[in-house]
Amino acid sequence: MSDSEEIIEVDSSVLGTKDHWDSAYDRELECFKESGDVGEIWFGKSCLKTLCKEVSKLEGIRKEKCRVLDIGCGNGMTLIEMAKLGFKNLEGSDYSEKAIDLAKSIAEEEQFSFIKYFNDDISQSSIEDNYYDIIMDKGTFDAIALSEERDKMKLLYKQLVERTLSTANESLFIITSCNYTDQELKAYFLDDQKRFEFIQNVQYPVFKFGGSKGSSQTTLIFKKLK
Ligand SMILES: C[S@@+](CC[C@H](N)C(=O)[O-])C[C@H]1O[C@@H](n2cnc3c(N)ncnc32)[C@H](O)[C@@H]1O
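Quick caveat: nothing in here was measured; it's all calculated off a predicted structure. (Residues numbered from 1 in each chain as written. Predicted model: local features only at pLDDT ≥ 70, side-chain atom pairs only at ≥ 80, totals over all residues. Heavy atoms only, no water.)

1. Section: empty space enclosed by the protein
If you walk through the whole model with that rule in mind, you get 1 cavity of 30 Å³ or more. Classifying every residue of the lining of the largest cavity gives 5 nonpolar, 1 polar and 1 charged. (1 Å grid on protein atoms, 1.4 Å probe; cavity = no way out; pocket = protein on both sides within 12 Å on 5 of 7 lines; lining within 4 Å. Points joined across faces, edges and corners; volume = space filled by probe spheres on them. Nonpolar A, V, L, I, M, F, W, Y, C, P; charged D, E, K, R; others polar.)

Dropping the structure here:
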């Protein structure tokens, strides 16, 4: 697909609504309190571990200093994994209060209470400009693209990432998706505004099914251009 070709979108669904996430995290929070189960890890544990390890190995990453935001953090397990790898400046935002409650409970249990979680809706965000060195997303762009106001939400998301990534350092936007292909994500984020440059993919183990090779998600790393 060339950059000018159309992105094929799937129909909107309940996964694009706050009600869905609130009730899902409400259930997961109850479950966590009862059994210690942290709930759904989107794209699986192996993806999570590979993703965070690869991010920690990127050139120029200073784990102690760099400010990381996990946008649409859900249960916060991405940040828990980053904390285990030695990152110290970790924040997670989500529009579901229940997700934030769950993420805080898990962080406390794991003794990573230094991770900061806060409520924030991508469509009316109050996140500070020019602040983060890394913005990570695993499944959030996918979720907002399932909302009824998809085009508006996708644009607000892109503007938020651009606005809140730091210009002082080489800041990174790291997106993991299962709804969009590499080419579709590049076509969307590498637009005429030239705010991002593509750096690399995260490589995941490839599985074989019925003679075809594949991986169920893709991760792209973009650098913010000054
Ligand atoms: C597929 S889940 C991924 C959760 C988490 N990133 C993970 O990897 O487990 C999508 C997340 O995006 C959040 N989300 C969806 N729309 C949002 C919005 N407008 N503002 C903030 N968070 C949103 C949901 O609450 C949910 O936690």
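What follows continues from the structure just given.
2. Points about the UniProt feature "domain: Methyltransferase" (unreviewed entry) in the protein
The UniProt record marks residues 63-194 with the feature "domain: Methyltransferase" (unreviewed entry), using the residue numbering of this structure. Helix makes up 37% of residues 63-194 and strand makes up 18%, while its end C-alpha atoms are separated by 28 Å. (UniProt positions renumbered as here; feature names shortened; annotations may be inferred. Helix = DSSP H or I, 4+ residues; strand = E, 2+ residues; numbered from the N terminus.)

3. Observations regarding the nonpolar core
Among the nonpolar cores identified, the biggest contains 41 residues, and Val-68, Ile-134 and Ile-174 are the most heavily contacted of them. Only α1 (18-35), α2 (44-56), α3 (77-84), α4 (97-109), β4 (134-138) and β5 (172-177) provide two or more residues apiece to this core. A total of 6 residues in this core trace back to one element, the largest contributor, which is α4. Beyond its immediate stretch of four places on either side in the chain, Ile-134 contacts Val-55, Ile-61, Cys-66, Arg-67, Val-68, Leu-69, Leu-165, Leu-172 and Ile-174. One finds Leu-69, Val-161, Tyr-180 and Tyr-188 within the second-largest nonpolar core, a separate group that totals 26 residues. (Core = buried A, V, L, I, M, F, W, Y, C linked by side-chain atoms within 4.5 Å. Buried < 20%, exposed > 50% of the residue type's maximum accessible area, 1.4 Å probe, protein only. Contact = heavy atoms within 4.5 Å.)

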